[in-house]
Amino acid sequence: MRKMIFNRISFKLGILFSGIFLIFLLLLGYMLYGVFSNLFIDYISQELLTRGANHSKALEEYYSQATLEHVILMEENVVTSVIITDPYNNILVYSDPVTNEMKRFIGRTNQISNNQILNRNWNNYQYIVSVSPIKDGDLGYVYMFYPTNVLKEMVFVLKFLIFVASIGIILIAVVLIALLSSIMTKPLLKMKEATLKMAKGEYIQKLNVKGDDEIAQLSKSIQTLGEQLQYFEDTRNDFLASISHELRTPLTYIKGYSDVLIKGLIMDRGEQQKYLKVINEETKRVIHLVNDLFEMSKIQTDHFLLNKELTDLTTLLGNVVQSLTPVAEKKGLKIIFNHVKNISPINLDPHRMEQVFYNVIENAIKYTNQGHVKINLLQDETTTKIIVEDTGIGIPEKDIPRIWDRFYRVEKSRARKTGGTGLGLYIVKEIVRLHDGEVYIESVECKGTKVTIMLRREDVIK
Amino acid sequence: MNKFIWIILILVAITIGWSFILFVYMMSWSPPHHMGMMVGRATVYSQMFSWLRGTFFLIVLIVTITLIIWYIHDKKKK
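Computed from a prediction, not measured in an experiment: that's the story for all the values here.

Calculation notes
Each chain carries its own residue numbering, running from 1 in the direction its sequence is written. As they are written, the chains are lettered A onward and the ligands numbered 1 onward, keeping that order. Only residues with pLDDT of at least 70 get local features here, since the model is predicted, and only at 80 or more are side-chain atom pairs given and counted; chain-wide, interface and lining totals rely on the full set of residues. Helix and strand assignments come from DSSP, with helices taken as H or I runs of at least 4 residues and strands as E runs of at least 2, each series counted from the N terminus. Between the buried cut of 20 or more and the exposed cut of 12 or fewer other C-beta atoms within 10 Å of a residue's own C-beta lies the partly exposed class, and all C-beta atoms are placed from the backbone. Contact definition: two residues whose C-beta atoms, as placed from backbone geometry, lie within 7 Å. Any two strands with at least two DSSP bridges between them are considered paired. Fitted lines through C-alpha atoms serve as axes, helices being fitted only where they are in contact, and the angles separating the N-to-C directions of these axes extend from 0 to 180 degrees. A helix is expected to span 1.5 Å multiplied by its residue count minus one. The seven residues ending at a residue and the seven starting there each receive a fitted axis; the angle between those axes is the bend at that residue. Here the angle decides the label: under 35 degrees means roughly parallel, over 145 means roughly antiparallel, 65 to 115 means roughly perpendicular, and every other value means oblique. Crossing handedness: left-handed means the near helix sits turned counterclockwise from the far one by under a right angle, and right-handed means the same turn made clockwise. Basically, the charged four are Asp, Glu, Lys and Arg, the nonpolar ten are Ala, Val, Leu, Ile, Met, Phe, Trp, Tyr, Cys and Pro, and anything else, Gly included, counts as polar. Here a nonpolar core is just a set of buried residues of the types Ala, Val, Leu, Ile, Met, Phe, Trp, Tyr and Cys, joined wherever their C-beta atoms sit within 7 Å. UniProt positions are given in the numbering used here, feature names are shortened, and annotations may be inferred rather than shown by experiment. The predictor attaches a confidence to each residue, and that confidence, scored 0 to 100, is pLDDT.

**Some words on the overall build of chain B**
Broken down by element type, chain B carries two helices and zero strands. Counting the 78 residues in chain B, one finds 6% classified as buried.

Structure representation (structure tokens):
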């Protein structure tokens, strides 16, 4: 429990902010102490100098015993003390008893001609001392003393008040920092809990983080990530179910028909051919499925290489249309191929692009029960457009944005019936993207679908 | 730890903090002595102790009120 508290981000943040705050507060306290204590010393020094100079001036104007006594009288019953000496630093008069420390400052310097501070070290000495010469020292000197114990008491009060204020500020600041750290990190703890649950498989998580800052955005990202993971989990499960079904059906056919042939139950040559044809068709279906999966895996691992060459699209598309015409006719559909004349060859991978056209046109035939499938090949100065239009069942509007996703199928039941793994359009989109082209889909349910593939004419761009 | 203990600790810390700041404010802007801040440590200590006495009673009052609320809350919960 204790370890958990120390490991919390709120605790670490609190300690960090409190530490920074404390350092700056100590710095401020030290600076304030320095400013005020030096201000005191300066004030007292100036005061001593002024008073010493006044006394010296009075004595300069009328030097007599009466004046000396008058000066001493002025300094009685006050904090400061005064000592007046002759030019040879022999003490003449004093306001308070002369201590040994006072004597140490008298006569320390010879021939002082200006007012000056002899000592301002209030920590190590008992007095702040100033000296003022009387008539440039010819008549003597006025020594002024200010006891530092008074100053020390004042500085102590200053230090004490700064210390008390600092303690008060620290207490309030630490509490506020602790509260704010806790409030600020609460969403992070929620997100941690949510991600732990997501790791256990509970992908959909609700995080009610208010605002639009980075933390709120992160929580939204986590929620979106969870939804995406749930979607991929669902599609993966559907895909596995679909793949199992897709593989099981042809494999069951293959096994059943081949068993019959192995056992020699069918003797008629024509019947045998029919059975072998079924086995062949089902094998093609499995190969198609495995190829799709292989393509997808190559796209995802970036091993999908294009062998581009200048290709005549009219011929390429014509071949695809020709090979799919029997399928369309079998369903009673009309397949129309329109193209403008003199279509310039385009630099592309013909095998991959053939796969694209095959997938799109086959889809159009697969989901059209009556009417026609129309293929238009157009070209302008910069682009070549391949438009595949059908009069089929269409795609619901809500499914259109996801139609290009891997394993996405509009209706699972419909997909099982028509076959397919939900990979066809994903492969189409990726191949077109690798050709630096674009593909988009427009569809109205029960009316039809229009797929447009746009490829750049690289010769023009260059 | 019970959240009421945290609340009590927070309230005590804030009360002491504000009390210290107000004491310094009082000593600076309306000192109790005619000498202002130029008083010795004995006077400051004496002022501080009498101020803290008041703070102590205030803390006792706050803690008591919080404990009463805690007791009522606990009873309702049960």
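Let us keep going from here.
**Notes on the overall build of chain A**
Assigned secondary structure in chain A consists of 12 helices and 12 strands. The buried share of chain A, reckoned over its 462 residues, is 24%. Within chain A, residue pairs in contact and separated by at least 24 positions form 63% of the contacts whose partners lie at least 6 positions apart.

**Let's talk about the sheet that holds strand β4 (residues 127–134) of chain A**
Strand pairing within a sheet occurs via backbone hydrogen bonds; the two strands may be parallel or antiparallel. All names here are of chain A. Pairing within the open sheet is antiparallel, and its five strands lie in the order β2-β1-β5-β4-β3. Each of the sheet's edge strands pairs with one partner strand only, and the pair in question is β2 (91–94) and β3 (116–119). When strand polarity is set aside, the average angle formed by the axes of neighbouring strands in this sheet is 25°. Where β4 lies against strand β5 (residues 140–147), eight bridges are found, and the strand directions are antiparallel. The residue bridging V131 from the neighbouring strand is Y143, located in β5. Lying over the sheet, helix α2 (residues 9–61) contacts β1 (81–85), β3, β4 and β5, oriented at roughly 30° with respect to β4.

**As for helix α5 (residues 148–199) of chain A**
Helix length check: α5(A), at 52 residues, gives a terminal C-alpha distance of 71 Å against a target of 76 Å (1.5 Å per residue), a fit within 8%. The sharpest bend along α5(A) comes to roughly 35°, located at T185(A), with the proline P187(A) sitting one to four residues further on. Inspection of α5(A) places T148(A), V157(A), L161(A), A165(A), S166(A), G168(A), L171(A), I177(A), A178(A), S181(A) and A194(A) among the buried residues, and these make up the whole buried set. Where the residues of α5(A) are buried, they touch α2, β4, β5 and α6 (214–262) of chain A together with α1 (3–29) and α2 (41–77) of chain B.

**Section: the packing of α2(A) against α5(A)**
Residues and elements named next belong to chain A. Contact geometry for α2 and α5: axes closest at 9 Å, N-to-C directions at 160°. It follows from the interaxial angle that α2 and α5 lie roughly antiparallel. The handedness of the crossing between α2 and α5 is right-handed. Of the residues in the contact of α2 with α5, the class split is 23 nonpolar, nine polar and one charged.

**Concerning the nonpolar core**
Residues and elements named next belong to chain A. Of all hydrophobic cores here, the largest spans 30 residues; its most connected members are V356, V360, I361 and V428. When residues of this core are traced back to their parent elements, those giving at least two are α8 (313–330), β8 (346–348), α9 (350–366), β9 (372–379), β10 (383–390), α11 (424–434) and β12 (448–456). What V356 contacts, discounting residues up to four positions off in sequence, is V428, I431, V432 and I453. Core analysis: the second largest hydrophobic core is formed by 20 residues, L59, V82, I84 and L118 among them.

**What to know about the interface of chain A and chain B**
Taken together, the 14 residues of chain A in the interface contact 17 residues of chain B. Looking at the side of chain A that touches chain B residue by residue, the classes come out as 12 nonpolar, one polar and one charged.

**Here's the deal with the pairing of β5(A)**
Residue and element names in this part refer to chain A. Across the eight residues that make up β5, a large majority, seven, are buried. In this sheet, β5 lies alongside β1 in antiparallel orientation, the contact comprising five bridges. Paired with T85 across the bridge in β5 is Y141.

**Quick notes on the sheet that holds β10(A)**
Residue and element names in this part refer to chain A. Strand order across the open sheet formed by five strands is β7-β9-β10-β12-β11, with mixed pairing between neighbours. Where the open sheet ends on each side, the last strands, each with one partner, are β7 (334–339) and β11 (438–444). Taken over all neighbouring pairs, the strand axes of this sheet differ in orientation by 10° on average, direction set aside. Against the sheet, α8 contacts β7, β9 and β10, and its axis sits at roughly 170° relative to β7.

**Quick word on unusual backbone geometry**
Residues and elements named next belong to chain A. A positive phi angle is found at N89, which is not glycine, with a value near 65°. Residue classification places N89 among the partly exposed residues on the basis of 17 C-beta atoms within 10 Å. Non-glycine residue N342 carries a positive phi angle of around 55°. Looking at where N342 falls in the secondary structure, it is placed in the loop between β7 and β8. Accessibility expressed as a C-beta count within 10 Å gives 7 for N342, which makes it exposed.

**A closer look at the packing of α5(A) against α6(A)**
Residue and element names in this part refer to chain A. Contact pair α5 / α6: the axes reach a minimum separation of 10 Å and the direction vectors enclose 10°. Overall, the two elements α5 and α6 adopt an arrangement that is roughly parallel. Taken together, the residues of α6 that come into contact with α5 (itself represented by P187, L188, M191, A194, T195 and M198) are I215, L218, S219, I222, G226 and L229. Of the residues that constitute the contact of α5 with α6, the class distribution is nine nonpolar, three polar and no charged.

**Some words on the environment of L59(A)**
Residue and element names in this part refer to chain A. Topologically, L59 is positioned in helix α2. Sequence separation of L59 and K135 is 76 residues, and the distance between their C-alpha atoms is 8.6 Å. Among residues more than four places away in sequence, those in contact with L59 are T67, V71, I134 and L139.

**What about the UniProt feature "transmembrane region" (unreviewed entry) in chain B?**
All names here are of chain B. UniProt records the feature "transmembrane region" (unreviewed entry) at residues 7–28 and 48–72, using the numbering of this structure. Between the C-alpha atoms that bound residues 7–28 there is a distance of 31 Å. The span itself is 100% helix and 0% strand. Spanning residues 48–72, this segment combines 100% helix with 0% strand, and its end C-alpha atoms are found 36 Å apart.

**Regarding the pairing of β2(A)**
Residue and element names in this part refer to chain A. Note: β1 against β2, three bridges, orientation antiparallel. Residue pairing for β2: I84 is matched across the bridge by V93. Remark: five residues form the turn of the hairpin made by β1 and β2, two consecutive strands paired antiparallel; N89 in that turn has positive phi of roughly 65°.

**Focus: the confidence of the model for chain B**
The share of residues in chain B with pLDDT of 70 or more is 91%, and the mean pLDDT across the chain is 84. Among the prediction metrics, the complex's ipTM stands at 0.84, with pTM recorded as 0.55.

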